[in-house]
Amino acid sequence: MLPILLGLSIGFGLPLQTAINSKLRRIVGSPLLSSMVSFTVGTIFLASITLILSHNLNIASTVFKQPWWIWIGGLLGVVYLTGNIVLFPHLGSVQTVIMPVVGQLIMSMLIDNFGWFYSPQHSLNLIRIIGCALVFIGVILAVAAGSLFKNQGSLMKVPLKKSRQFFWQLAGIFTGMLSAMQTAINGHLGVVLNSAEKAALVSFVIGTVALWVIVIVREHQINLKPAFNQNYPWWIWIGGIIGALFVLGNAFLVPLIGTGLAVVIVLFGMITGSLLVDHFGWLGANRILVEPIQLIGILVMLVGVILIKLF
């Protein structure tokens, strides 16, 4: 029960992080710069947690003997984050959520079935496939159904040629697959290091270095002065802490319950949290009241999670 509550909690935190980083993005004027700040803060937080719990930051004695892919979890996180930024203008808000979810569900089930990245193996059967399908249907109902019914499906369309739209849809699915791979890799890294916090720290350090390089090359400068204006709330700086707890939680969960269940539980928490953020307008988000069809979507997702959990 505790792993499930943990998965729901870290998933619930993701939309809060998104709202915080969106606020920071508006202040500093750059999504890459706000992501860099978020990763940097998360790295400092995880380094502090690691020192408190493990009393050292040593990883060399074990991790350098592992496969090369053990290092790429942080890079996959950066690609996923940057990918969503790139996808948004080409797919729109609805498909930018849904397409990566497709990739996450497909890859997480494959990882579970074949035991890739040394993830705990859970054979793929009909019940788990049905559960996975229900999770996906629930996501569509919770994220898009209300608007789709009002606009007769217009939100699922973008003014692109079909071939170009198909390319961006595939790119969205691919980024979601990378996210599931990151979850599995960080889970194995936690086992190797015998420390979920060290695994999360390695992932964040690599992601932070990559983002600093990208920002320096792309932006040519790092100007955070506007964010230090006393008129802005203190919480604009804590998005990285929430992100760090998310990676830390996943590194802890995967060895216990497998990649597939970890992904769907976190996804359930994320969608539920997103609806609450929208409904109440938390952290400066635009207030959008939850519709009954979205609540039905949450219930459908819950049934899917239960089927995957039990079978």
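So, a few notes on the structure that sits alongside this text. For every chain, the first residue of the written sequence is number 1, and numbering continues from 1 onward in sequence order. Only residues with pLDDT of 70 or above have their local features reported here, since the model is predicted, and side-chain atom pairs are shown and tallied only from 80 upward, although totals for entire chains, interfaces and linings are computed over all residues. Computation of side-chain values: all heavy atoms of the structure, hydrogens and water removed.

## As for the overall build of the chain
Consideration 1: On a plain count of helices and strands, the chain comes out with 10 helices and 0 strands.
Consideration 2: Its C-alpha atoms give the chain principal-axis dimensions of about 55 × 50 × 40 Å.
Consideration 3: For the accessible areas, the method is Shrake-Rupley and the probe is 1.4 Å, while residue cover comes only from the protein chains on display. Per element, the accessible surface of the chain, about 15000 Å² overall, is 69% carbon and sulfur.
Consideration 4: His residues and chain termini do not enter the charge count, which takes Lys and Arg as positive and Asp and Glu as negative. Every charge is mapped onto a representative atom, which is NZ of Lys, CZ of Arg, CG of Asp or CD of Glu. For the chain, the centre of its 15 positive side-chain charges and the centre of its 5 negative side-chain charges are spaced 8 Å apart. Secondary structure elements follow DSSP: runs of H or I of four or more residues count as helices, runs of E of two or more count as strands, with numbering from the N terminus.

## Quick word on the side chain of Ser 203
Consideration 1: Position of Ser 203 among the secondary structure elements: in helix α7 (residues 196-219).
Consideration 2: In contact with Ser 203, not counting residues within four places along its chain, are Gly 73, Gly 74, Gln 182, Asn 186 and Val 247. What makes two residues a contact is simply this: any of their non-hydrogen atoms within 4.5 Å.

## Re the pattern of salt bridges
Consideration 1: We count a salt bridge whenever a side-chain nitrogen from Lys or Arg sits within 4 Å of a carboxyl oxygen from Asp or Glu. Across all of its chains, the model carries 1 salt bridge by this definition.
Consideration 2: Its salt-bridge partner being Asp 112, residue Arg 128 comes within 3.0 Å of it at the nearest N-O pair. Note that Arg 128 is positioned in helix α5 (residues 126-151) and Asp 112 in helix α4 (residues 73-114), a separation of 16 residues in sequence. Each member of the pair, Arg 128 as well as Asp 112, is classed as buried. To sort residues, take the accessible area from a 1.4 Å probe on protein chains only and compare it with the maximum for the residue type: under 20% means buried, over 50% means exposed, and anything in between is partly exposed.

## Things to note about the nonpolar core
Consideration 1: To define a nonpolar core, start from buried Ala, Val, Leu, Ile, Met, Phe, Trp, Tyr and Cys residues and group those joined through side-chain atoms within 4.5 Å. Core analysis: the biggest nonpolar cluster contains 73 residues, and Val 135, Val 264 and Leu 267 have the highest contact counts within it.
Consideration 2: Leaving out residues up to four positions away in the same chain, Leu 267 has contacts with Val 101, Gln 104, Leu 105, Val 135, Val 139 and Met 301.
Consideration 3: Core analysis: the next-biggest nonpolar cluster, separate from the first, contains 6 residues, Met 99, Val 102, Trp 168 and Ile 173 among them.

## Remarks on helix α8 (residues 239-257)
Helical geometry: 3.6 residues make up each α-helical turn, so side chains three or four residues apart lie on a common side.
Consideration 1: Taking 1.5 Å as the rise per residue, α8 with 19 residues should run 27 Å; its terminal C-alpha atoms sit 26 Å apart, in good agreement.
Consideration 2: Of all 19 residues in α8, 14 are buried, a share of seventy percent or more.
Consideration 3: Directly beyond the C-terminal end of α8, a positive phi value near 90 degrees is found at Gly 258. Multiplying 1.5 Å by the residue count of a helix minus one yields the expected span of that helix.

## A short note on the packing of aromatic side chains
For any pair of aromatic rings, geometry is given as the distance between the ring centres together with the angle between the planes.
Consideration 1: Pairing of aromatic rings covers Phe, Tyr and Trp, the last through its six-membered ring, and needs centres within 6.5 Å; plane angles under 30 degrees mean stacked, over 60 mean edge-to-face, and all others mean tilted. All told, the structure shown has 8 aromatic pairs when counted by the stated rule.
Consideration 2: Taking 5.0 Å as the distance between ring centres and 40 degrees as the angle between the ring planes, the aromatic pair formed by Phe 228 and Trp 237 counts as tilted.
Consideration 3: On the accessibility criterion, Phe 228 (58% relative accessible area) is exposed.
Consideration 4: Exposure remark for Trp 237: the relative accessible area of 26% places this residue in the partly exposed category.
Consideration 5: For the ring pair Phe 280 and Trp 282, a centre distance of 5.5 Å and an interplane angle of 10 degrees mean the geometry is stacked.
Consideration 6: Three or more aromatic residues joined by ring pairs make a cluster, and in this case those are Phe 12, Phe 280 and Trp 282.

## Description of a nonpolar patch on the surface
Consideration 1: Exposure above 30% relative accessible area and the absence of a salt bridge qualify a residue for a patch, where like charges join within 9 Å and nonpolar side chains (Val, Leu, Ile, Met, Phe, Trp, Tyr) within 5 Å. Taken together, the side chains of Leu 299, Leu 302, Ile 306, Leu 310 and Phe 311 present a nonpolar region at the surface, about 490 Å² in accessible area.
Consideration 2: Tracing the chain through its elements places Leu 299 in helix α10 (residues 292-310).
Consideration 3: Residue Leu 299 is classed as exposed on the basis of its relative accessible area, which comes to 54%.

## Regarding unusual backbone geometry
Consideration 1: Its identity as a non-glycine residue notwithstanding, Phe 117 has a phi of 60 degrees, on the positive side.
Consideration 2: Relative to the helices and strands, Phe 117 is located in the loop between α4 and α5.
Consideration 3: On the basis of relative accessibility, which here comes to 17%, the residue Phe 117 falls in the buried class.

## Considering the packing of helix α1 (residues 2-28) against helix α2 (residues 31-54)
Consideration 1: For helices, the fitted axis covers only the stretch in contact; all axes are lines through C-alpha atoms, and the angles between them, taken along N-to-C directions, range from 0 to 180 degrees. α2 packs onto α1 with a crossing angle of 125 degrees between their chain directions and a minimal axis gap of 8 Å. On the basis of their axis angle, the class for α1 and α2 is oblique. Crossing geometry of α1 relative to α2 is assigned as right-handed. Contact residues: α1 offers Gln 17, Asn 21, Leu 24, Arg 25 and Val 28, while α2 offers Pro 31, Leu 33, Ser 34, Val 37 and Ser 38. Roughly parallel means an angle under 35 degrees; roughly antiparallel, over 145; roughly perpendicular, 65 to 115; everything else is oblique. The sense of a crossing depends on the near helix, which, turned anticlockwise from the far helix by less than a right angle, makes the crossing left-handed and, turned clockwise, makes it right-handed.

## A few points about the environment of Val 213
Consideration 1: Inspection of the secondary structure puts Val 213 in helix α7.
Consideration 2: On the basis of relative accessible area, Val 213 is assigned to the partly exposed category, the value being 47%.

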